[in-house]
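Secondary and tertiary structure notes
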Amino acid sequence: MTIKLIAVGKTDHKQLETLIADYIKRLGFYIKFNLEIIPDIKNAKNLSQAQQKDKEGSLILSKINTSDILILLDENGKQYDSVAFSDLLQKHMNSGIKQLIFVIGGPYGFSPDIYNRANGKLSLSKMTFSHQMIRLFFIEQLYRGFTILRNEPYHHR
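Cut-offs used in this document
Residues numbered from 1 in each chain as written. Predicted model: local features only at pLDDT ≥ 70, side-chain atom pairs only at ≥ 80, totals over all residues. Heavy atoms only, no water. Helix = DSSP H or I, 4+ residues; strand = E, 2+ residues; numbered from the N terminus. Rg over C-alpha atoms; globule rule 2.2 N^0.38 Å. Buried < 20%, exposed > 50% of the residue type's maximum accessible area, 1.4 Å probe, protein only. Contact = heavy atoms within 4.5 Å. Areas by Shrake-Rupley, 256 points an atom, 1.4 Å probe, with all protein chains shown as cover. Core = buried A, V, L, I, M, F, W, Y, C linked by side-chain atoms within 4.5 Å. Expected span 1.5 Å × (residues − 1). Arc of directions from axis to C-beta. Pairing = 2+ DSSP bridges. Axes fitted to C-alpha atoms, helices over the stretch in contact; angles between N-to-C directions.

**A few points about the overall build of the protein chain**
Tallying secondary structure elements over the protein chain gives 5 helices and 5 strands in all. Computed over the C-alpha atoms, the radius of gyration of the protein chain is 15 Å, within 12% of the 15 Å expected from 2.2 N^0.38 for a compact globule of 157 residues. In terms of its C-alpha atoms, the protein chain occupies a principal-axis envelope of roughly 50 × 35 × 25 Å. By the burial criterion, 43% of the 157 residues in the protein chain qualify as buried. Taking the intrachain contacts of the protein chain between residues at least 6 apart in sequence as the baseline, contacts between residues at least 24 apart amount to 84%. Per element, the accessible surface of the protein chain, about 9,000 Å² overall, is 50% carbon and sulfur.

**Considering the nonpolar core**
Ranked by internal contacts, the top residues of the largest apolar core, which has 28 residues, are I3 and F102. Only β1 (2-8), α1 (14-27), β3 (69-78), α3 (82-94), β4 (99-104) and α5 (131-149) provide two or more residues apiece to this core. For F102, the residues in contact, after removing those within four places along its chain, are I3, K4, L5, I6, I71, L73, F85, L89, L122 and F138.

**Quick look at α3**
Given 3.6 residues to a turn, an α-helix orients residues that are three or four positions apart in the same direction. With 13 residues, α3 extends 18 Å between its outermost C-alpha atoms, agreeing within 8% with the 18 Å of an ideal straight helix rising 1.5 Å per residue. Every buried residue belonging to α3 is among S82, F85, S86, L88, L89 and H92, and all of these are buried. The buried residues of α3 all sit within an arc of 155° when viewed along its axis, so they share a single face. Across from the buried face of α3, at angles greater than 90 degrees, the exposed residues are K91 and N94. The secondary structure elements touched by the buried residues of α3 are β1, β3, β4, β5 (120-122) and α5.

**Side note on the sheet that holds strand β2 (residues 32-38)**
Two orientations exist for strands paired in a sheet by backbone hydrogen bonds: parallel and antiparallel. Spatial strand order, β2-β1-β4-β3-β5: 5 strands in an open sheet with parallel pairing. Of all strands in the sheet, those with a lone pairing partner are β2 and β5, marking the two edges. Taking each pair of neighbouring strands and ignoring which way they run, the sheet shows an average axis angle of 30°. Across the sheet, α3 lies against β1, β3, β4 and β5, angled at about 135° from β4, the strand it touches most.

**Comments concerning unusual backbone geometry**
Despite not being glycine, N151 shows a phi value in the positive range, around 55°. Relative to the helices and strands, N151 is located in the segment after α5. Relative accessible area serves as the criterion here: at 66%, N151 is assigned to the exposed category.

**As for the side chain of K4**
With respect to the helices, strands and loops of the structure, K4 is situated in strand β1. Owing to a relative accessible area of 8%, K4 belongs among the buried residues under this scheme. Sequence-distant contacts of K4, that is, excluding residues within four places in its chain, are made with N34, E36, K63, Q99, L100, I101 and F102.

Functional significance is not addressed by these values, which are geometric in nature.
Here is the structure:
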């Protein structure tokens, strides 16, 4: 199985990029992982929020195959603790799917088309974080999940 994280917009903080790269490297010991960045929408200032979400949604959908499982990182999604999240990862690995995709949307969330295509929604917190920080937090939780599955000492139970 491959896990892909699709995120809208670039990270403009070098320290975050360095930390994200470190966790991506660590993840490589456990699973094939890809981070795919969708560029910011051009002339977004001239678009309504709905138009911006629709354009981002079209770009996101172009990166997804019909057989992929799609989980949105969404403030209204289900919350898991780290152990339960590792169980969710194991369940998907056991299901035989080829690709599990998580998506961090743009500043206004997701288009209706993305919500309709999604297989689930996941919330990392009731708090609001920047889209750039969420990338780091999510990738770290993926890494933590795999260390839990392997009973490695990174996560203290």
